[in-house]
Structure formats: structure tokens, C-alpha cells
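# Summary of structural features
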Amino acid sequence: MAPRKTVGILGGGQLGRMLAHPAALLGIPLLILGSGPSTPAKQVLSGPHIDGPFTSESHIRELASHCDVLTVEIEHVNADVLEAVEAEGLCEVQPSPKTIRLIQDKYLQKEYLSQRGIPVAPFAKVENPSVESLQVLAGKLGLPMMLKARTLAYDGRGNAPLKSTEASDVDAALKFLGDRPLYAEGWAPFVKEVAVMVVRNKEGEVRSYDAVETVHKESILRVCLAPLRANGKGMQGINQRARELAEKAVATLEGAGIFGVEMFLLEDGSLLLNEIAPRPHNSGHHTIEACATSQFENHLRAILSLPLGSTSLRVPSAAMINILGVDGSMEPVYAMSDAALSVPGAASHLYGKAESRKARKMGHITVTAESDASLREKIRVILSAQP
Ligand code: ATP
Ligand code: MG
Ligand code: MG
């Protein structure tokens, strides 16, 4: 057996932290590139790690010089440098920098997927945003429409819904989005939001996890329910259809690793793809306790050409509840985490972030149950500890 390859991770947040446990179990050395000496991932991995931004060429090159494979826990990295590092033979990069670059620009991502037969909401470029140009777009896409930043978006912070093209609404949306390249999307009148985690190895084998329902508030994921359930006309086989669509979308991309595929489920049971994350994803956190192989372990297996693990759910019903920060106080964070401790089948994960801020992801709780009714009751108990 060849010695284990060292994996370098761009980004040192909670996703890197959750990669550390399966890495330890499989004997895979991990090195983190992130800003600060004590990021969530660095706290749980002995060092020395690299202290610097994951966008910096010199820091990425330094990481590459110590590693065999580079991967990412965030997509907003420097794709040019990753491409160069790979081309120069310094280090393998998974998933492919080409895929990371494509996903970084939400407009190009949508264009790429729709050209390959993946259904997405209608969308259009916004070249010079103005009341007039947006009126023309509203004529094509309808109202309301969603104005979106093409790059550097997360937690809905690059999105502005536009209800009308009156000057006051347009000005407010453009002010919120700032001076960023934009595109527009027609409104997706979804009945549920859905996500599927898909793992892909270098040979192109793809395996999906059961679809989950993702419940967002103010564009931030709050709760995730697995497996996806939806009743009514058109909803038959929805879990399977969501998995097939996600697998088809990921199969069009290059490179190995885990991908989070976000979708909208419409009233008639049809699905539209919203976006893909080329990394472990918040809607796959339940897989640590609820599935045979977690999204984190399967990511490592995929990028290191180890056999992929089973994606099956181990329980009939599971949920993930995000613990979000409130300004200035850790108390509500600990209160919610502690509330999980007396609930059977619940597991608390805190991310080690010292400072609590409004809507910051501070941790999560996984809940597993033998039935949906039992799951709902457990969730109720935990959520009642929410501030
Ligand atoms: P993430 O944190 O998942 O990366 P993001 O900032 O990239 O989020 P999106 O996933 O594009 O943003 O959108 C955030 C949320 O806004 C979606 O989960 C959905 O609730 C809503 N949304 C986005 N696009 C549309 C649309 N076309 N129609 C209706 N709602 C939408
Ligand atoms: Mg996103
Ligand atoms: Mg999203």
C-alpha cells in the first residue's frame, strides 16, 4: 500500500472541521489554509497549518508544496492559481479548478447547465442595470424577479427580489447589491426547496444521497428534513427524480468530490435546479449520523480514489437544525446545543467560533428518529430552546 496522500484544504471553517474526523479515521493527513491561527478546522487538527487568505497566490502555492491533493471547503477561492498549480504539476486539485471557476459565476453556471438540458428558472444577463433595462428584462422574465450577484454570493447576501420596476424598488435593489456583476432570474414559485448531495469519483461514478427538504428563512438554511417527502398530484417518486436530476447535473462537471445540488420543487412536481456547490454542503450535515457514509468521508474517498461508501440512510427519518448566532452572546447558542443533549437520537455539533453574530452559522444539531411523527416532536423540543 502506498502511503496516504496529504490533503490540503482551502478554507478553515466548519466544513474543514467536519472533514477532520473521517480523515483521522482513515489516516489521511490534512493541512488547512485559512486566515487566523485558530479557525474551526485548525482547532481540531494538529498543525502547523498555513495562516493566510485562500485567495492568495503565495499562500496557495505554499499549501501545494506540502500536499498531494488540494480541495476546497468554499468556492470563492482563487481558481486561476489552482489551475496553475495543477498545470505545473505541483499538486492535484479536486474538484477540477475548471469546475470551481464555472460555479463561481452563477450566470455562467446557469448557462452551462441549461445548455446541457438541466431545467433552471429563466435567467438573463444584466449588463447595465437601470430602470429601463430592468423593465425590458421584467417583460421577459416576469415579476417578481430575483436580481442576483454573479459572484461571491452566499446565504442570499447577493440576492435582491424585485417586486416592481418602479424607480424606488430598482434603486433599493441596486443599492443593496452594490457594484457587482449581476444577472436576473425569473421567480421560481416553489412549494418546497430541495437539495441532493452527490459524490463523484475520478472515473465519473456518481452516487447520490436521499433528497432532503431544506427550509430557509431570510435566505438562510434553518432546517433540513431527510428523506424528502411530498404528497399530492405530480409528487410521486419525487425523491428519486430529484436524485436523478442532481446526478445528471453533477455528471456534466469535471473532477472528483462531493457536490451539493440545490433545487426548487414546483406545485406540479417538476424540479428546477437552483445552484451547485462544489464541496460539502449544509444540507448534507445530517449524513454524519443519519447515513452509512457521511458526505465528508465520501468527499475524501472520492478525491483520493478510495472506494465510495454507501449513501443510504440508516434511519427512517432525520433532520438537521442550524444553530445560528445572535449578536454578541454565546448563551443562546449553548442553550440550543444543550437542549439537544436530553433528546434521544439528537447530536450537537458546535463549530468553535468564538464570536456569535446574527445569522452566523455557529453549529448544528442532527436528529434521527424511527418515524416522522417522532422526529417532529424531537425538533419541537429543540426549537423551543431557540431565542
Ligand atoms: P447559498 O448560501 O445557498 O450559497 P446563495 O447566496 O448562493 O445561497 P441562492 O441559493 O441563489 O443564494 O438563493 C438563496 C435563496 O433565495 C434560495 O434558497 C431561495 O430561497 C431564494 N431564491 C433564489 N433564487 C430564487 C428564484 N429564482 N425564485 C425564488 N426564490 C429564489
Ligand atoms: Mg450559493
Ligand atoms: Mg443557495
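Everything in this summary refers to the structure shown in the same document. Here the structure is a predicted model, which is why all the values come from computation and not from measurement.

### Considerations on the sheet that holds strand 4 (residues 69–72)
- Strand order in the open sheet made by the five strands is 3-2-1-4-5, with parallel pairing throughout. Where the open sheet ends on each side, the last strands, each with one partner, are strand 3 (50–51) and strand 5 (92–93).
- Pairing between strand 1 (residues 7–10) and strand 2 (residues 30–34): four bridges, direction parallel. In the strand pairing of strand 2, Leu10 is matched with Leu33.

### Some words on the coordination of the magnesium ion (ligand 3)
- Those donors, Glu262 (OE), Glu262 (OE) and Glu275 (OE), are the protein atoms that reach the magnesium ion (ligand 3), and they lie 2.0 to 2.8 Å from it.
- In this structure the magnesium ion (ligand 2) is found 3.7 Å away from the magnesium ion (ligand 3), and Glu275 serves as a bridging donor for the pair. A residue pair is termed long-range when its members are at least 10 positions apart, and Glu262 in strand 14 (residues 257–266) and Glu275 in strand 15 (residues 271–277) qualify at 13 residues.

### Some words on the nonpolar core
- In terms of nonpolar packing, the biggest core is built from 27 residues, with Val261, Met263, Leu273 and Ile276 touching the most fellow members.
- Residue assignment for this core shows that the elements contributing at least two residues are helix 5 (97–104), helix 6 (106–115), strand 10 (190–200), helix 9 (238–251), strand 14 and strand 15.
- At six residues, helix 9 tops the list of elements feeding residues into this core.
- Sequence-distant contacts of Met263, that is, excluding residues within four places in its chain, are made with Lys192, Glu193, Val194, Val196, Ala242, Leu245, Ala246, Leu271, Leu272, Leu273 and Asn274.

### With respect to the site of ligand 1
- In the vicinity of ligand 1 there are 20 residues, among which Lys106, Lys148, Asp155, Gly156 and Glu193 approach most closely.
- The contact in question runs from an oxygen atom of ligand 1 to an N or O atom on the side chain of Asn274, over 2.9 Å.
- Coverage of ligand 1 by the protein amounts to 93% of the 620 Å² it exposes when considered alone.
- Grouping the constituent residues of the shell around ligand 1 by class yields seven nonpolar, six polar and seven charged.

### Remarks on the sheet that holds strand 9 (residues 182–186)
- Strands sit in the order 6-9-7-8 across an open sheet of four strands; the sheet is antiparallel. One side of each edge strand has no neighbouring strand; the edge strands of this open sheet are strand 6 (123–126) and strand 8 (159–162). Here the average twist between neighbouring strands, direction ignored, is 25°.
- Note that strand 7 (residues 145–149) and strand 8 share four bridges and pair antiparallel. Looking at strand 8, one finds that Lys148 is bridged to Asn159.
- Across the sheet, helix 6 lies against strand 6, strand 7, strand 8 and strand 9, angled at about 145° from strand 6, the strand it touches most.

Rules and cut-offs
Residues numbered from 1 in each chain as written. Chains lettered and ligands numbered in written order. Predicted model: local features only at pLDDT ≥ 70, side-chain atom pairs only at ≥ 80, totals over all residues. Heavy atoms only, no water. Pairing = 2+ DSSP bridges. Helix = DSSP H or I, 4+ residues; strand = E, 2+ residues; numbered from the N terminus. Donors = N, O, S within 2.8 Å, 3.2 Å for Na, K, Ca; no water. Core = buried A, V, L, I, M, F, W, Y, C linked by side-chain atoms within 4.5 Å. Buried < 20%, exposed > 50% of the residue type's maximum accessible area, 1.4 Å probe, protein only. Contact = heavy atoms within 4.5 Å. Near = heavy atom within 4 Å. Polar contact = N/O pair within 3.5 Å; in protein donor to acceptor, adjacent residues only side chain to side chain. Areas by Shrake-Rupley, 256 points an atom, 1.4 Å probe, with all protein chains shown as cover. Nonpolar A, V, L, I, M, F, W, Y, C, P; charged D, E, K, R; others polar. Axes fitted to C-alpha atoms, helices over the stretch in contact; angles between N-to-C directions.

Read these as layout, nothing more, since geometry by itself doesn't imply function.
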